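Chain residues, written in single-letter form:
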Amino acid sequence: MITANKGLRVRRAAAVAITTGAVLATGALTAAPAQALTTPTITAKGGFLMNSATGTTLYSKAPNTKRLTASTTKIMTAKVVLSQSNLNLDAKVTIKKAYSDYIVSKGASSAHLIVGDKVTVRQLLYGMMLPSGCDAAMALADKFGTGSTVSARTKSFIAKMNTTARSLGMTNTKFDSFDGISNGTNASTPKDLTLLARNVMKSSTFKSVVKTKSYTAKTITKTGSTRTMGAWTNTNTLLGWNGTLGIKTGSGTDSKYCLVFAATKNGESVIGAVMTSPTATDRTNDVKKLINYGYAKIS
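Heads up: these notes are all about the structure in this document.

Parameters and conventions
Residues numbered from 1 in each chain as written. Predicted model: local features only at pLDDT ≥ 70, side-chain atom pairs only at ≥ 80, totals over all residues. Heavy atoms only, no water. Helix = DSSP H or I, 4+ residues; strand = E, 2+ residues; numbered from the N terminus. Contact = heavy atoms within 4.5 Å. Areas by Shrake-Rupley, 256 points an atom, 1.4 Å probe, with all protein chains shown as cover. Pairing = 2+ DSSP bridges. Buried < 20%, exposed > 50% of the residue type's maximum accessible area, 1.4 Å probe, protein only. Arc of directions from axis to C-beta. Core = buried A, V, L, I, M, F, W, Y, C linked by side-chain atoms within 4.5 Å. Polar contact = N/O pair within 3.5 Å; in protein donor to acceptor, adjacent residues only side chain to side chain. Axes fitted to C-alpha atoms, helices over the stretch in contact; angles between N-to-C directions. Salt bridge = Lys/Arg side-chain N within 4 Å of Asp/Glu carboxyl O. Parallel < 35°, antiparallel > 145°, perpendicular 65-115°, else oblique. Left-handed = near helix turned anticlockwise from the far one by under 90°. Nonpolar A, V, L, I, M, F, W, Y, C, P; charged D, E, K, R; others polar. Phe/Tyr/Trp six-rings, centres within 6.5 Å; stacked < 30°, edge-to-face > 60°.

As for the overall build of the chain
- Assigned secondary structure in the chain consists of nine helices and 11 strands.
- Excluding contacts between residues fewer than 6 apart, the proportion of contacts in the chain whose partners are at least 24 apart in sequence is 62%.
- For the chain, the accessible area works out to roughly 14200 Å², and carbon and sulfur atoms hold 54% of it.

Now the structure itself:
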């Protein structure tokens, strides 16, 4: 009797082992589900994040609330320039005193362009997007606007910026400057800036410019000699972090700190904007949170 019971226990144990093995093999027994992804909290008053490949919204906070754009405005300035038909990036622009006077009068960020120097359109794009040169932005607006005076040409260029905004579906955007130094009505939203960024990042020239950390221009002086400019350093300190490719910082007393950004890692691409972060450090932390969240949300 004892022997029979012992044999029964052995057979039962074997049956349990076989059944368990079958369950594991078929995948019926699975691990506990992964912890749900936590939506990040950001300090910026507005934020938006999109899957750049599909256009799917990944995150939004007050996405359509209008706010001051500061120097993120220069993304649209670049977009209008790069949209010109038969654009010659090597065309030379002579730097006028008006650009220098403008910088001084506004206390604006500068690429330190020298009056009388000849600078190419390509170099002006670097000078505008890396050190956030308002002089470079003005030179481009003057070059590609129409009219008989600097004032008329820059005004017509700003009109082109607004026409382009409408064509891109940026329904809550109005530009009143070529560089973000607002004249009272310069505003956009995190969603609109993201739409703009996604569009202009299709330009290989723009993408190359905004991902560059440092650029040294060689300009032509009044006498025809070559001037090697001081290196222009990109104001975007996130470049290279976790696949960050750009795009443009912005800051001001009223606008606080903004950043339009794009990042790609392991085939996953995100693009977005934060507006009105309290400090530069907050802005950086906000964007890092959104990029990490975006990657996790896509994967």
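Continuing now.
Some thoughts on the pairing of strand β10 (residues 256–265)
- As defined by bridge partners, strand β9 (residues 244–252) adjoins β10 across eight bridges and the pair is classed as antiparallel. Considered in β10, the bridge of threonine 244 is made with alanine 263.
- Where β9 folds back onto β10 in an antiparallel hairpin, the turn is made up of three residues.
- Note that β10 and strand β11 (residues 268–277) share eight bridges and pair antiparallel. The partner of valine 260 across the bridge, within β11, is alanine 273.

Some details on helix α3 (residues 97–106)
- Within the sequence span of α3, burial applies to Tyr99, Tyr102 and Ile103. Axial view of α3: buried residues confined to an arc of 95 degrees, hence all on one face. Exposed positions of α3 whose direction lies more than 90 degrees from the buried face are Lys97, Val104 and Ser105.
- Where α3 ends, the next residue or the one after it, glycine 107, has phi of about 60 degrees, a positive value.

Examining helix α2 (residues 74–82)
- Extensive coverage of α2 is indicated by the burial of nine of its nine residues.
- Within the span of α2, buried status applies to Lys74, Ile75, Met76, Thr77, Ala78, Lys79, Val80, Val81 and Leu82.

Regarding the nonpolar core
- Grouped together as the largest cluster of nonpolar side chains are 61 residues, with contacts concentrated most on Phe206 and Ile247.
- Among the elements that line this core, the one with the most residues is helix α5 (residues 134–144), at eight residues.
- Membership of the second largest hydrophobic core comes to 16 residues, among which are Ile42, Ala44, Leu49 and Leu259.

Observations regarding the environment of threonine 43
- Looking at the secondary structure, you find threonine 43 in the loop between α1 (2–26) and β1 (46–51).
- Threonine 43 sits in the partly exposed class, given a relative accessible area of 36%.
- Beyond its immediate chain neighbours, meaning those up to four positions away, threonine 43 contacts Lys61, Thr276, Ser277, Pro278, Asp282 and Asp286.
- Within the structure, the side chain of threonine 43 is placed 2.8 Å from the side chain of aspartate 286, a separation counted as a polar contact.

Things to note about the sheet that holds β11
- Pairing is antiparallel across the open sheet formed by five strands, whose spatial order is β2-β1-β11-β10-β9. Edge positions in the sheet fall to β2 (57–61) and β9, since each of these pairs with one other strand and no more. Going from strand to strand, the sheet's axes swing by 5 degrees on average, the running direction of each strand aside.
- Taken together, the six bridges between β1 and β11 define a ladder with antiparallel strand orientation. Within β11, the position partnered with asparagine 51 by the bridge is valine 270.

Observations concerning the environment of isoleucine 247
- Summarising the element assignment, isoleucine 247 is placed in strand β9.
- Distance from isoleucine 247 to lysine 207, taken between C-alpha atoms, is 8.2 Å for residues 40 residues apart in sequence.
- With sequence-adjacent residues up to four places away left out, isoleucine 247 is seen in contact with Ile75, Met129, Ala197, Met201, Phe206, Val210, Asn236, Val260, Phe261, Ala262 and Ile271.

Considerations on the pattern of salt bridges
- Enumeration over the complete set of coordinates arrives at five salt bridges.
- When the shortest N-O distance is used, the salt bridge between aspartate 90 and arginine 122 registers 3.4 Å. Of the two residues, aspartate 90 is situated in the loop between α2 and β3 (92–94) and arginine 122 in helix α4 (residues 121–129); the sequence distance between them amounts to 32 residues.
- Since its relative accessible area comes to 29%, arginine 122 is described here as partly exposed.
- Overlapping salt bridges, with partners in common, bring together Lys96, Asp142 and Arg153 in one network.

Describing the packing of α2 against α4
- The interhelical angle for the contact between α2 and α4, taken along N-to-C directions, is 165 degrees, at an axis separation of 10 Å. In terms of orientation, α2 and α4 fall into the roughly antiparallel class. As α2 runs across α4, the sense of the crossing is left-handed. Of the residues in α4, those in contact with Lys74, Ile75, Thr77, Ala78, Val81 and Leu82 of α2 are Val121, Leu125, Met128 and Met129.
- Of the residues that constitute the contact of α2 with α4, the class distribution is eight nonpolar, one polar and one charged.

Focus: the packing of aromatic side chains
- Per the stated rule, a full pass over the model turns up four aromatic pairs.
- Judged by centre distance (6.4 Å) and plane angle (80 degrees), the rings of tyrosine 59 and tyrosine 293 are edge-to-face. Residue tyrosine 59 is found in strand β2, and its partner tyrosine 293 is found in helix α9 (residues 280–298); the two are separated by 234 residues along the sequence.
- Through pairs of rings, three or more aromatic residues link up here, namely Tyr126, Tyr215 and Trp232.

Remember that the coordinates give geometry; whether it matters functionally is a separate question.
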